[in-house]
Protein chains: 2
Amino acid sequence: MGMAERKISDAVIRRLPRYHRHLAALEKEGVERISSRRLSAELGLTASQIRQDLNCFGGFGQQGYGYSVPELRRELGRILGLQERYKIIIAGAGHIGRALLYYAGFKDEGFDMLAAFDVDEELIGQTVNDARVYHMDEMAVFIKNNQVDIGVIASPRQAAQQTADAMVENGIRAIWNFAPADIHTPEQVHVENVRLSDSLCVLSYYLQANRDEY
Amino acid sequence: MGMAERKISDAVIRRLPRYHRHLAALEKEGVERISSRRLSAELGLTASQIRQDLNCFGGFGQQGYGYSVPELRRELGRILGLQERYKIIIAGAGHIGRALLYYAGFKDEGFDMLAAFDVDEELIGQTVNDARVYHMDEMAVFIKNNQVDIGVIASPRQAAQQTADAMVENGIRAIWNFAPADIHTPEQVHVENVRLSDSLCVLSYYLQANRDEY
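The structure displayed is predicted, hence computed values, not measured ones. (Residues numbered from 1 in each chain as written. Chains lettered and ligands numbered in written order. Predicted model: local features only at pLDDT ≥ 70, side-chain atom pairs only at ≥ 80, totals over all residues. Heavy atoms only, no water.)

## Section: the overall build of chain A
Here comes step 1: Helices and strands together make up the secondary structure of chain A, namely 10 helices and 9 strands.
Here comes step 2: C-alpha extents for chain A along the principal axes are approximately 60 × 50 × 35 Å.
Here comes step 3: The burial tally for chain A puts 50% of its 214 residues in the buried class.
Here comes step 4: A separation of at least 24 residues holds for 56% of the contacts in chain A among residues at least 6 apart in sequence.
Here comes step 5: When the accessible surface of chain A is split by element, carbon and sulfur atoms take 46% of a total near 10,600 Å².
Here comes step 6: On chain A, the mean spot of the 24 positive side-chain charges and the mean spot of the 29 negative ones are 7 Å from each other. (Helix = DSSP H or I, 4+ residues; strand = E, 2+ residues; numbered from the N terminus. Buried < 20%, exposed > 50% of the residue type's maximum accessible area, 1.4 Å probe, protein only. Contact = heavy atoms within 4.5 Å. Areas by Shrake-Rupley, 256 points an atom, 1.4 Å probe, with all protein chains shown as cover. Lys, Arg positive; Asp, Glu negative; His and termini not counted. Charge placed at Lys NZ, Arg CZ, Asp CG, Glu CD.)

Structure follows, in structure tokens:
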């Protein structure tokens, strides 16, 4: 409660999954304690950055004693809401949508892909990795009936905003957007964009900067 | 030359594709000039942020006169290296790898997906959207012979580092990593990570923070 109100910056939130992932791997290896110095070396961040980030949530670990790996992993998981299960639907059962349905890792992490929706008659009725593809017209009712938490937009750019609107109207509070479009939603709906083209542009920038340099 | 040496921060680089994308859309609509105020409103950034970012590259636009849309778009494209074409190969022809091969937008933006590599005999020999799937053993020679620019890692986590090593050894200077693994490369090789699970964790954080708040 107090935590959400303290308004933690998005940049901090974005580093938490990385901490969590690394700590989960250490825990699996049986590592029980880790110093902020070693953690920082392994993650390529400064120790003070890590301490600052964790202090946003009250701080963990004791001076000179490091962090308890399982405790910190569990606490970060709790902060990230990973103790819950989430229900997801995907708008768009094209290549990206289907690739996401096949990604087995999501289920292990608590994310259940319930169904996909499309307008392509060839795709409707198919079952992809246990999730059925329905007609897009059925999405609104499905979201309501199943109290879906997360809506994935894997539809064409032109359909993205309309799809987002339908998701929000029916109670979805988190959107994972793969369409190359800027989506507008009410403030309480969080949109997480995965912009594959932008990511390629960044690679192209570094290739060119490299070439100029050498 | 001077630019690459001035060492522009990664956070600035990451905003450039967004500017470029937005300006390209404006240009298509026939918009010729835009004020930094309007640009900032449309992008959801402060005008001073935008001015600061563009100043890293010498600055554009004139006080009180705004930016020329086609000029700024072209200049950003040049900075991002988008006037070049890039050759890409994909390690891993599973669902993610194939979804990337099918993504038509990349070709239009100058990125040519030449081939994919896998160890799965069922996939080897297939042609996916004009790109052939070869055995992973053929990757090294293919990279050398075709002077490939960008290597995509869409292989399982355990194979990721080894795949990256083979790419770097054969001359690749940019890696687009979709595997949920931290990859280590020499400094001059840029790695761009697409971490789908981390992105889902961020959504789960905001869902939980929201729930706590209301």
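## Description of the environment of Ser 48 of chain B
All names here are of chain B.
Here comes step 1: Position of Ser 48 relative to the elements: it lies in helix 4 (residues 47-55).
Here comes step 2: Judged by relative accessible area, Ser 48 falls into the partly exposed class, the value being 39%.
Here comes step 3: For Ser 48 and Glu 121, which are 73 residues apart along the polypeptide, the C-alpha to C-alpha distance reads 55 Å.

## Here we look at empty space enclosed by the protein
Here comes step 1: Counting across every chain of the model gives 2 cavities of 30 Å³ or more.
Here comes step 2: Approximately 80 Å³ is the volume found for the largest cavity.
Here comes step 3: Taken together, Ile 96, Ala 99, Leu 100, Phe 178 and Leu 196 of chain A together with Ile 96, Ala 99, Leu 100, Phe 178 and Leu 196 of chain B form the lining of the largest cavity.
Here comes step 4: Put simply, the parts of the chain that give the lining of the largest cavity at least two residues each are helix 6 (95-102) of chain A together with helix 6 (95-102) of chain B.
Here comes step 5: Considering only residue class, the lining of the largest cavity consists of 10 nonpolar, no polar and no charged. (1 Å grid on protein atoms, 1.4 Å probe; cavity = no way out; pocket = protein on both sides within 12 Å on 5 of 7 lines; lining within 4 Å. Points joined across faces, edges and corners; volume = space filled by probe spheres on them. Nonpolar A, V, L, I, M, F, W, Y, C, P; charged D, E, K, R; others polar.)

## Some details on the nonpolar core
The nonpolar side chains of soluble globular proteins are, as a tendency, buried together.
Here comes step 1: Within the largest apolar cluster, 108 residues are counted, with the highest numbers of intra-cluster contacts made by Ile 150 and Trp 176 of chain A together with Trp 176 of chain B.
Here comes step 2: Residues in contact with Ile 150 of chain A, not counting those within four places in the same chain, are Tyr 86, Lys 87, Ile 88, Ile 89, Phe 111, Ile 172, Ala 174 and Trp 176 of chain A together with Leu 200, Leu 203 and Leu 207 of chain B. (Core = buried A, V, L, I, M, F, W, Y, C linked by side-chain atoms within 4.5 Å.)

## Some details on the sheet that holds strand 7 (residues 150-153) of chain B
Residue and element names in this part refer to chain B.
Here comes step 1: Across the sheet, which stays open at both edges, the 7 strands sit in the order 5-6-4-3-7-8-9 with mixed pairing between neighbours. At either end of the open sheet lies a strand with only one pairing partner, and these are strand 5 (127-128) and strand 9 (190-193).
Here comes step 2: Taken together, the 4 bridges between strand 8 (residues 174-177) and strand 9 define a ladder with parallel strand orientation. Looking across to strand 9, one finds that Asn 177 is bridged to Asn 193.
Here comes step 3: Against the sheet, helix 9 (residues 160-169) contacts strand 3 (86-91), strand 7 and strand 8, and its axis sits at roughly 170 degrees relative to strand 7. (Pairing = 2+ DSSP bridges. Axes fitted to C-alpha atoms, helices over the stretch in contact; angles between N-to-C directions.)

## Some points on the packing of helix 2 (residues 10-28) of chain B against helix 3 (residues 36-43) of chain B
All names here are of chain B.
Here comes step 1: Following both chains from N to C, one finds helix 2 and helix 3 inclined at 110 degrees, their axes separated by 11 Å at the closest point. The angle between helix 2 and helix 3 places the two elements in the roughly perpendicular class. Contacts from Arg 18, Tyr 19, His 22, Leu 23 and Leu 26 of helix 2 reach helix 3 at Arg 38, Leu 39, Glu 42 and Leu 43. (Parallel < 35°, antiparallel > 145°, perpendicular 65-115°, else oblique.)

## A closer look at helix 3 of chain B
Residues and elements named next belong to chain B.
Here comes step 1: Within the sequence span of helix 3, burial applies to Ser 36, Leu 39, Ser 40 and Leu 43. With its buried residues spanning 100 degrees around the axis, helix 3 presents them on a single face. The exposed set on the far side of helix 3, more than 90 degrees from its buried face, consists of Arg 37 and Ala 41.
Here comes step 2: Those residues of helix 3 hidden inside the fold are in contact with helix 2, strand 1 (33-34), helix 4 and strand 2 (67-68).
Here comes step 3: Looking at the residues trailing helix 3, positive phi occurs at Gly 44, about 70 degrees. (Arc of directions from axis to C-beta.)

## Quick look at the environment of Leu 26 of chain B
Here comes step 1: Position of Leu 26 of chain B relative to the elements: it lies in helix 2.
Here comes step 2: A C-alpha to C-alpha distance of 44 Å links Leu 26 of chain B and Glu 138 of chain B, two positions 112 residues apart in sequence.

## Focus: the relation of the copies chain B and chain A
Here comes step 1: Expressed as a screw operation, the relation of chain B to chain A combines 0.0 Å of axial shift with a rotation of 180 degrees, fitting to an RMSD of 0.0 Å. Both chain copies can therefore be described as sitting about a two-fold axis. Residues of chain B ranked by C-alpha distance from the rotation axis are headed by Ala 99 of chain B, positioned 3.2 Å from it.
Here comes step 2: The share of interface residues of chain B whose copies in chain A are also at the interface is 100%, consistent with both copies meeting through the same surface. (Least-squares fit on C-alpha atoms with pLDDT ≥ 70 in both.)

## Things to note about the sheet that holds strand 6 (residues 131-135) of chain A
Here comes step 1: Pairing in this open sheet of 7 strands is mixed, and the strands run 5-6-4-3-7-8-9 (chain A) from one edge to the other. Every other strand in the sheet has two partners, leaving strand 5 (127-128) and strand 9 (190-193) of chain A as the edge strands with one partner each.

## Concerning the interface of chain B and chain A
Here comes step 1: Contacts between chain B and chain A engage 61 residues on the former and 61 residues on the latter.
Here comes step 2: In total, about 5,900 Å² of surface goes out of reach between chain B and chain A, with carbon and sulfur atoms giving 64% of it.
Here comes step 3: Linking chain B to chain A there are 4 salt bridges.
Here comes step 4: Arg 21 of chain A is the salt-bridge partner of Asp 182 of chain B, the closest N and O atoms lying 3.8 Å from each other.
Here comes step 5: At the junction of chain B and chain A, the tally comes to 16 residue pairs in polar contact (both at pLDDT 80 or more).
Here comes step 6: Going through the elements one at a time, helix 2, helix 5 (69-79), strand 3, helix 6, strand 8, strand 9 and helix 10 (196-213) of chain B are the ones with two or more residues in the side of chain B that touches chain A.
Here comes step 7: Looking at side-chain class alone, the side of chain B that touches chain A contains 35 nonpolar, 10 polar and 16 charged residues. (Buried area = accessible area lost by both parts, 1.4 Å probe. Salt bridge = Lys/Arg side-chain N within 4 Å of Asp/Glu carboxyl O. Polar contact = N/O pair within 3.5 Å; in protein donor to acceptor, adjacent residues only side chain to side chain.)

## Comments concerning the packing of aromatic side chains
Residue and element names in this part refer to chain A.
Here comes step 1: All told, the structure shown has 16 aromatic pairs over all chains when counted by the stated rule.
Here comes step 2: Consider the rings of Tyr 205 and Tyr 206, whose centres lie 5.1 Å apart with planes at 85 degrees: the pair is edge-to-face. Per residue, the accessibility class of Tyr 205 equals that of Tyr 206, and both read buried.
Here comes step 3: Site record: aromatic cluster; members linked through ring pairs are Tyr 103, Phe 106, Trp 176 and Phe 178. (Phe/Tyr/Trp six-rings, centres within 6.5 Å; stacked < 30°, edge-to-face > 60°.)

## Observations regarding the packing of helix 3 (residues 36-43) of chain A against helix 4 (residues 47-55) of chain A
All names here are of chain A.
Here comes step 1: At a closest axis distance of 8 Å, the pairing of helix 3 and helix 4 adopts a crossing angle of 105 degrees. When the axes of helix 3 and helix 4 are compared, the pair comes out roughly perpendicular. When helix 3 is examined against helix 4, the residues Ser 36, Arg 37, Leu 39, Ser 40 and Leu 43 are found in contact with a partner set consisting of Ala 47, Ile 50 and Arg 51.
Here comes step 2: Grouping the amino acids of the contact of helix 3 with helix 4 by side-chain chemistry returns 4 nonpolar, 2 polar and 2 charged.

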